[in-house]
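Listed below are the residues making up each chain.
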Amino acid sequence: MTGKTLTIAIDGPAGAGKGTLARRLADHYRLNLLDTGLTYRAVAHALLQYGLPLDNVAAAETAARQVNLGELDRTVLSAHAVGEAASKVAVIPTVRRILVEKQRAFASTPPGAVLDGRDIGTVVCPEARIKLYVTARADVRARRRLAEIEAMGGQAEFETILADIEGRDARDMGREDSPLRPAPDAHLLDTSEMAIETAFLAAKSIIDGVLQPRNTA
Ligand code: C5P
């Protein structure tokens, strides 16, 4: 972004490993970290809590204005159902505009940030110095999501999770406002066959290649 801040934009579909990768990179490069999915989840969670329909635009806008980036509670917001609901409120353009403004302010705070989401490289921070598009096959992502649910003591059917993931991909990639797609200048990282450490090393090597001036001697 500016000379003073560094932005690492990470986009990709649900379950591709963006979150863990973003955390590792923020630690390594000593940057702030924002999981922008939590902002859409917070809006969805507020509507669910009040029993309001997810297409209630006025209520969703109010909830979006009330989102405080410092108070996003991952434990409450990480539920699978909240993620599903988030992708429904995420189609509302005014909700996106309100949240994107907060996300941009976060990104421009020194020393900069790693932001992960769906539209970071394309809409939120199109001037980000580094853009990664992290993906993985849908069956691999469903298996990872199932393992997360089971690790937290929950239960789910693989087929149900796979169908949810495919439905979410279709909503996120097919919406009119800010659809999920790689920015033209994004580096693609397919983590289908990668453990997290391998994905981290691959991302680090891409980033170091951008940050370190080339030896042209
Ligand atoms: O990444 P996560 O699963 O937490 O995101 C939940 C939903 O929020 C996504 O499926 C997507 O619809 C929406 N989202 C978005 N733009 C972002 C981050 C998330 O539309 N930058």
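Fair warning: this is a prediction, and the values are worked out from it, not measured in the lab. (Residues numbered from 1 in each chain as written. Predicted model: local features only at pLDDT ≥ 70, side-chain atom pairs only at ≥ 80, totals over all residues. Heavy atoms only, no water.)

Draft legend 1. Quick peek at unusual backbone geometry. Here the amide bond leading from P110 into P111 is cis, since omega sits at 5°, within 30 degrees of zero. Even without being a glycine, S178 presents a positive backbone phi close to 55°. Mapping S178 onto the fold places it in the loop between α9 (158-174) and β5 (187-190). (Helix = DSSP H or I, 4+ residues; strand = E, 2+ residues; numbered from the N terminus.)

Draft legend 2. Geometry of the pairing of strand β4 (residues 130-135). β4 sits mainly inside the fold: five of its six residues count as buried. Sheet topology places strand β1 (residues 6-11) next to β4; four bridges connect them, and they run parallel. Residue pairing for β4: I8 is matched across the bridge by I130. When β4 meets β5, the two strands line up parallel, connected through four bridges. (Buried < 20%, exposed > 50% of the residue type's maximum accessible area, 1.4 Å probe, protein only. Pairing = 2+ DSSP bridges.)

Draft legend 3. Broad picture of the nonpolar core. Formed by 32 residues in total, the largest nonpolar core has its most connected members in V43, L72, L99, L115 and C125. Listed by contribution, the elements that provide at least two residues to this core are α2 (37-49), α3 (57-65), α5 (80-89), α6 (93-107), β3 (112-117) and α7 (120-124). In terms of residue count, α2 provides more of this core than any other element does, seven residues in total. Other than its neighbours up to four places away in sequence, L115 contacts T7, I8, A9, I10, L34, T36, Q103, A107, I120 and C125. (Core = buried A, V, L, I, M, F, W, Y, C linked by side-chain atoms within 4.5 Å. Contact = heavy atoms within 4.5 Å.)

Draft legend 4. Here's a closer look at the side chain of S192. Summarising the element assignment, S192 is placed in the loop between β5 and α10 (196-211). Only 2.8 Å separates the side chain of S192 from the backbone nitrogen of R137, close enough to count as a polar contact. A distance of 2.7 Å separates a polar atom in the side chain of S192 from a polar atom in the side chain of D190. (Polar contact = N/O pair within 3.5 Å; in protein donor to acceptor, adjacent residues only side chain to side chain.)

Draft legend 5. Up close: the sheet that holds β4. A sheet is described by the order of its strands in space; here five strands give the open sequence β2-β3-β1-β4-β5, paired in parallel fashion. With partners counted over all chains shown, the strands left at the sheet margins are β2 (32-35) and β5, one partner each. Here the average twist between neighbouring strands, direction ignored, is 20°. As judged from the four bridges shared by β2 and β3, these two strands associate in the parallel manner. Bridge pairing in β3 links N32 to A113. Seen against the sheet, α6 touches β1, β2 and β3 and runs at an angle of roughly 145° to β3. (Axes fitted to C-alpha atoms, helices over the stretch in contact; angles between N-to-C directions.)

What is shown is where atoms sit, not what they do.
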